Number of protein chains: 4
Amino acid sequence: MLEPGGVGLRTRLFQIIFESDTKAGKAFDIALAALIVLSVAVVMLDSVAAYHERYGLLFYGIEWLVTVLFTIELGVRIYCLQTPGRYLKSFYGVIDVLSILPTWLALFFPGAHMLVVVRLLRTLRLIRVLEMMSLAGQGRLLLEALRRSRGQITLFLFVVFMVVIIFSTLLYMIEPPEAGFTSIPKSVYWGIVTLTTVGYGDITPITPMGQFLSVLIMLTGYSIIALPVGVFSAEVINTLRAERYSDESCPGCGHARHEPDARYCKLCGTWLNEERRDPRQTS
Amino acid sequence: MLEPGGVGLRTRLFQIIFESDTKAGKAFDIALAALIVLSVAVVMLDSVAAYHERYGLLFYGIEWLVTVLFTIELGVRIYCLQTPGRYLKSFYGVIDVLSILPTWLALFFPGAHMLVVVRLLRTLRLIRVLEMMSLAGQGRLLLEALRRSRGQITLFLFVVFMVVIIFSTLLYMIEPPEAGFTSIPKSVYWGIVTLTTVGYGDITPITPMGQFLSVLIMLTGYSIIALPVGVFSAEVINTLRAERYSDESCPGCGHARHEPDARYCKLCGTWLNEERRDPRQTS
Amino acid sequence: MLEPGGVGLRTRLFQIIFESDTKAGKAFDIALAALIVLSVAVVMLDSVAAYHERYGLLFYGIEWLVTVLFTIELGVRIYCLQTPGRYLKSFYGVIDVLSILPTWLALFFPGAHMLVVVRLLRTLRLIRVLEMMSLAGQGRLLLEALRRSRGQITLFLFVVFMVVIIFSTLLYMIEPPEAGFTSIPKSVYWGIVTLTTVGYGDITPITPMGQFLSVLIMLTGYSIIALPVGVFSAEVINTLRAERYSDESCPGCGHARHEPDARYCKLCGTWLNEERRDPRQTS
Amino acid sequence: MLEPGGVGLRTRLFQIIFESDTKAGKAFDIALAALIVLSVAVVMLDSVAAYHERYGLLFYGIEWLVTVLFTIELGVRIYCLQTPGRYLKSFYGVIDVLSILPTWLALFFPGAHMLVVVRLLRTLRLIRVLEMMSLAGQGRLLLEALRRSRGQITLFLFVVFMVVIIFSTLLYMIEPPEAGFTSIPKSVYWGIVTLTTVGYGDITPITPMGQFLSVLIMLTGYSIIALPVGVFSAEVINTLRAERYSDESCPGCGHARHEPDARYCKLCGTWLNEERRDPRQTS
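Residues numbered from 1 in each chain as written. Chains lettered and ligands numbered in written order. Predicted model: local features only at pLDDT ≥ 70, side-chain atom pairs only at ≥ 80, totals over all residues. Heavy atoms only, no water.

Summing up its helical and strand segments, chain A has twelve helices and zero strands in all. The order of α-helices and β-strands along chain A, N terminus first, is α-α-α-α-α-α-α-α-α-α-α-α. Counting across all 283 residues of chain A, residues that qualify as buried make up 51%. Across chain A, contacts joining residues at least 24 apart in sequence account for 53% of those joining residues at least 6 apart. Looking at chain A as shown, the accessible area adds up to about 13300 Å², and 66% of this sits on carbon and sulfur atoms. (Helix = DSSP H or I, 4+ residues; strand = E, 2+ residues; numbered from the N terminus. Buried < 20%, exposed > 50% of the residue type's maximum accessible area, 1.4 Å probe, protein only. Contact = heavy atoms within 4.5 Å. Areas by Shrake-Rupley, 256 points an atom, 1.4 Å probe, with all protein chains shown as cover.)

Our next topic: the interface of chain D and chain A. Residue-level contacts link 59 residues of chain D with 58 residues of chain A. Taking both partners together, chain D and chain A bury about 5100 Å²; carbon and sulfur atoms supply 68% of that area. Counting the surface chain D buries against chain A, the share from its top three residues, M218(D), Y222(D) and K266(D), is 15%. There are zero salt bridges connecting chain D and chain A. Summed over the shared surface of chain D and chain A, the number is four residue pairs in polar contact (both at pLDDT 80 or more). Elements that contribute at least two residues to the side of chain D that touches chain A include exactly α9 (139-174), α10 (184-195), α11 (208-224) and α12 (226-243) of chain D. (Buried area = accessible area lost by both parts, 1.4 Å probe. Salt bridge = Lys/Arg side-chain N within 4 Å of Asp/Glu carboxyl O. Polar contact = N/O pair within 3.5 Å; in protein donor to acceptor, adjacent residues only side chain to side chain.)

Now for the packing of helix α1 (residues 9-18) of chain A against helix α3 (residues 49-79) of chain A. Residue and element names in this part refer to chain A. At a minimum axis separation of 9 Å, α1 and α3 run at an interaxial angle of 125°. In terms of axis orientation, α1 runs oblique to α3. Read as a crossing pair, α1 and α3 show a hand that is left-handed. Across the interface between the two elements, L9, R10, L13, I17 and F18 from α1 touch V76, R77 and Y79 from α3. Looking at the contact of α1 with α3 residue by residue, the class counts come to six nonpolar, no polar and two charged. (Axes fitted to C-alpha atoms, helices over the stretch in contact; angles between N-to-C directions. Parallel < 35°, antiparallel > 145°, perpendicular 65-115°, else oblique. Left-handed = near helix turned anticlockwise from the far one by under 90°. Nonpolar A, V, L, I, M, F, W, Y, C, P; charged D, E, K, R; others polar.)

Tallied over the entire structure, the rule returns 31 salt bridges over all chains. Notably, a salt bridge pairs E63(B) with R122(B), separated by 3.1 Å at the nearest N-O pair. Of the two residues, E63(B) sits in helix α3 (residues 49-79) while R122(B) sits in the loop between α7 (116-120) and α8 (125-132), which places them 59 residues apart along the sequence. With respect to class, E63(B) is no different from R122(B); both count as buried. Put simply, R125(B) and E73(B) hold a salt bridge, and the shortest N to O gap is 2.9 Å. In this pair, R125(B) is assigned in helix α8 and E73(B) in helix α3, connecting sequence segments 52 residues apart. No difference in accessibility class separates R125(B) from E73(B), as the two residues are buried. Residues joined in a network through salt bridges with shared partners are E73(A), R77(A), D96(A) and R125(A).

Taken as a whole and judged by the stated rule, the model has 32 aromatic pairs over all chains. Their ring planes at 20° and their centres at 6.5 Å tell us that F156(A) and Y222(D) sit as a pair that is stacked. Taken as a pair, F156(A) in helix α9 (residues 139-174) and Y222(D) in helix α11 lie in two separate chains rather than in one. F156(A) gets classed as buried once you look at its relative accessible area, which sits at 3%. Assessed through its relative accessible area of 7%, Y222(D) is described here as buried. Among the aromatic residues, those joined into a cluster by ring pairs are F14(A), F18(A) and Y87(A). (Phe/Tyr/Trp six-rings, centres within 6.5 Å; stacked < 30°, edge-to-face > 60°.)

Another aspect to go through is the relation of the copies chain D and chain A. Expressed as a screw transformation, the operator carrying chain D onto chain A has a rotation angle of 91° and an axial translation of 0.4 Å, and the superposed copies differ by an RMSD of 2.5 Å. On the angle and the small slide along the axis, the relation comes out as a four-fold axis. (Least-squares fit on C-alpha atoms with pLDDT ≥ 70 in both.)

A separate point is the nonpolar core. The tendency in soluble globular proteins is for nonpolar side chains to be buried as a group. Formed by 288 residues in total, the largest nonpolar core has its most connected members in V236(A), V236(B), V236(C) and V236(D). Counting twelve residues, the second-largest nonpolar core is a separate cluster that includes C265(A), C250(C), C265(C) and C268(C). (Core = buried A, V, L, I, M, F, W, Y, C linked by side-chain atoms within 4.5 Å.)

In structure tokens:
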């Protein structure tokens, strides 16, 4: 993928920043993660009026400190890469730029400081740290199982939407305006609040007929969840099994699905590794 | 199933409208899906008072445009079929007629325009498009697993209703009227709102005894969901496994559907793997 | 189990009432189910003030009609049994008596009419009908899987209670009285409303610390459900597999778990039915 | 682990208190469990103002009785152990001390009586009783499956937090203050209330855009639960299967833990079923 842009210092920096095999690389990852969490915490706390009044200036200082550190870090990243352009256009590059842009822009355009969501995209930078901690590798199983159950889950969502649209429109027609079903989109909002079993209670049916129909949508939402869970469980089980068993079939009986450390077929006792000699044949 | 009603133009139209193997057929499907989504969106937005005031006329125009297009489409469908009567009585035919009827009826009976739910049945027309995109085929697994777990799920729903009816009646008797448990049907509504974990909060117990009984119904609802999910997961796994059964028939007795790891036919004992030697023949 | 008490009429009545193999037996079951549903519906509708006022007398009539019919039915049941005493002490017998008792008692004690819950126990009579429709047999799988996962589920409930008690007490100490956490039992009620994701909203935390602790209990409730579902799914899968496969091992290779219709071992081709002669040995 | 500190009386007491094989040991466990439940019930009921007024003195008496009994029990535990220091520093020892400390401290510092949560930690003492009833042993399966799915579940929680933080901040920016989204932490509280499908309804979006975004977070929360459930189910199944691995070791190489359907050792190809003849030896 990415290659260090030279030898000596640039390679050394590349190892620290982009890899995590070395001690310095690991320390860098932990420091980066801490900085991201600190900066996200500051953005969140600064939104509380009471804290903003008392610690506003401190938060502002930390915000700038973090931004400057992130900017330096981005500079070093670009410096030690052979093809910085490709990096800047990659997912991680875009996130890196987005996480410092709002603060710099606020110098020139006061309103830009309001881009608080963009600043929170810094959270996404944690993905890189996770990946280095080989945790993201765990996601491959989830993604593989999701990919396999994609068709069924699309179908499931389609059925969910169908049920929600039809029932919500019925409620819109049945319920009096004071119940809150003032338009179909609002009824659909209620429908999803109900089907997903969130149930805020800001809009609730008040006529017996409306309550009866709501009961149907609730029972649907409550039990239909078995569909994606069942399909996904089955696919996780299949993916795990496929990962844990060899796919090569036994030359003796044709049985596939041997455990990864199997040397002889568990069913017919045939030597499985055709490239080497069976130790039993020496005797 | 359905057959084109002749050759030339009618066969060509049949391929475009009823099939999706050709380029024109696929384009037709996509255009149809877009038209359906547009028309459903218009119905929904038109129900918002503010939008109706401002864009009412535009929505009315789109509604008529879509209806005329759907009517022409239905005409062509009938034209290019050998047995249009059978089509009109089929599921898709009924949906097709229902999705244009309310608008036409509104010309003669002003009240018919209120059949807004019927107009939203157009959403069901998307099933046809889904089927052509071979997505509905994915539903076969879900349906097969549902069919297998039908008995258990009926039983589960029966237990759920039993629990709800008994607890709801108890709450109706215990709680004072101001808590909202004014009749048994209303208590049952509360019971299902609670058991499905929707929890609107429009009716809540206020006596300690009522709250204690509610806790029991909540814990039931929270944990009993494991039953249908567990049964359905197991059946999805079984269905997936049955699909992976070998389809090659036994050279001895012709029986197909052997388990994936079978080496000998379970019915006549014949060696199944014709490419390899039967180990029994050494003797 | 139960035996008819004689021949002729009593045996004939026994077949109709206690069995469902004959045409008359099936008709009786359906009529009984309809009567139960009717009587439960009447009890529920009678609790609605508006319906009680208008149809009260009709409901009262139906109630008596059903009670008389159930009483006659119970009489016939007792008449055609050899050991009526054993029946009256069985689960079904108790339910049969309980479902007619409140109405009769109301003749003498006006208050007894309030035993509305007891009258709704009639719903339990449906179990018998279900059993005859061989649906209850489906429950054996659920019960077997429940029995196997009993230990884990007890443990799960214990952990749930522990979490709820500790967090609820913390909330009780942190939150001001106006938030609704007025006593520990009430806080525990809130805790279960929250952990089971019902979330009425009748009691909600208002301090930041309380909201933070609530978030922890919510996340626990949201993800801990994976435990019983996972364990139960696994046990259903095991139970289904054990049911569908024979447990006898092959005399040739010792492989167990053959499909129920297997005649030869799928792994070594050995004849499985030791009591009969292998047809291959004729040649 | 723990050893009795001598013979005679100390060993006898050790058997009663620390083990549960003897009749006296079992009786002690049951008495202890009853005492814990009683004492927790008293703490909870005492927090209800009405009960405190009427039974306050009785509760106070029970509290002291239980504390004295627990103190004596702790004394005996220490007396009959060889290394009481190690016990006091163990998990159970700390719980034992914590469950009597608040009441004793309240003698000297009146405020200490408020340490009501600490007193409820007595509930944790039930774990010991559970363990003796061999129920905690059931937990090993759950823990093993949790350990295996740890990586995926961490990832899942990370995704959940990411979704919540980004959507909550968007809602904070979109919604007017009167909707309740007054700061980002409060919005995050709302986000978790919504994603976990608790849905109190104390804070709800009121703008159409806010409601649309809420719908997205609800659908995410509703369907993403399939991930941990699926992974955990798969791991429970794997753990159960691993448990069913044959424990007999191979006569050739001594390897144990063969798959249940293995006929030949996967490592050395030796015939595993010593009671039957190896079919290969016919030649």
